[in-house]
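Examining the three-dimensional arrangement
Chain by chain, the residues run as shown.
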Amino acid sequence: MEHDELVLSQLSENQQVSQRQLAQQTNLSLGQLNLILHRLVSRGLVKIEKISSRSLRYVLTPQGIARNTKRTYNFVRSAYQQIMNLQQQLMDVIQLEEKAGRQLYLPRAEDEVYETLQLLIREHSWQQIDLIDDLAVLTGQSNVVIIIWTEEQELLCQRHQLPYYHILRHLTVERPDDLEVDA
């Protein structure tokens, strides 16, 4: 049913799309798409309107629109919960490392995780985390922990023998009981 959701999503963005264009946009074969469209029609989520003898239009029904809206709502709710979990994880790391007398660093990056972490840091005025451009300058320091979230950052920390905390790896739906610094 994953393909159903994909087709519904594409139709919500453009109801003037041909079946061939829709197949290209969803990376489905025309045969697969045809089966999915007929299933969506039988479930009352899509209706087919005949424009001419050779062309059809696929229109979301109110039920199809409601389904897309619910999926979007669930996605936003889930994303919000993950941000709240990320915030809690960050607070836990700060408390743990502050007690151990370690300085936390956040490598600058241009991605959504960095932007989210930076917003959380600013929102809570957390002074315990410094932003850093070049991790190499920390090589040899034992009282630092780098907060990372990508494989590239992990490899860089390993190359410079810097302790790190992979915040997404430790992110769970439930709050973890203990935090460990990766080495």
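These notes cover the structure that comes with them. (Residues numbered from 1 in each chain as written. Predicted model: local features only at pLDDT ≥ 70, side-chain atom pairs only at ≥ 80, totals over all residues. Heavy atoms only, no water.)

Structural notes on a nonpolar patch on the surface
A cluster of nonpolar residues, Val41, Ile48 and Leu56, forms a patch on the protein surface that exposes about 200 Å² of accessible area. Its place among the elements puts Ile48 in strand 1 (residues 46-50). Overall, the relative accessible area of 33% leaves Ile48 in the partly exposed class. (Patch = residues over 30% accessible without salt bridge, like charges linked within 9 Å, V, L, I, M, F, W, Y side chains within 5 Å. Areas by Shrake-Rupley, 256 points an atom, 1.4 Å probe, with all protein chains shown as cover. Salt bridge = Lys/Arg side-chain N within 4 Å of Asp/Glu carboxyl O. Helix = DSSP H or I, 4+ residues; strand = E, 2+ residues; numbered from the N terminus. Buried < 20%, exposed > 50% of the residue type's maximum accessible area, 1.4 Å probe, protein only.)

Focus: unusual backbone geometry
At Asn27, a position not held by glycine, the phi torsion is positive, near 55°. The topology assignment puts Asn27 in the loop between helix 2 (19-26) and helix 3 (30-42). For Asn27, a relative accessible area of 71% corresponds to the exposed category. A positive phi is found at Ser125, a non-glycine position, where the angle reads about 50°.

Observations concerning the pattern of salt bridges
One pass over the full model with this rule turns up 9 salt bridges. The shortest N-O distance in the salt bridge between Arg39 and Asp4 comes to 2.6 Å. Of this pair, Arg39 sits in helix 3 while Asp4 sits in helix 1 (residues 2-13), and the two are 35 residues apart along the sequence. Between Arg57 and Glu49 there is a salt bridge; the shortest N-O distance is 2.5 Å. According to the relative accessible area criterion, Glu49 is partly exposed, its value standing at 25%. Connected through shared salt-bridge partners, Asp4, Arg39 and Arg43 make up one network.

What about the nonpolar core?
In terms of nonpolar packing, the biggest core is built from 19 residues, with Leu90, Leu106, Leu117, Ile129, Ile147 and Ile167 touching the most fellow members. Elements that contribute at least two residues to this core include exactly helix 4 (62-99), strand 3 (103-107), helix 5 (112-124) and strand 5 (144-148). In terms of residue count, the dominant contributor to this core is helix 5 (5 residues). In contact with Ile147, other than residues within four places in its own chain, are Leu90, Val93, Leu104, Tyr105, Leu106, Pro107, Ile129, Tyr165 and Ile167. By size, the runner-up hydrophobic cluster in this structure holds 15 residues, among which are Val17, Leu37, Leu40 and Val46. (Core = buried A, V, L, I, M, F, W, Y, C linked by side-chain atoms within 4.5 Å. Contact = heavy atoms within 4.5 Å.)

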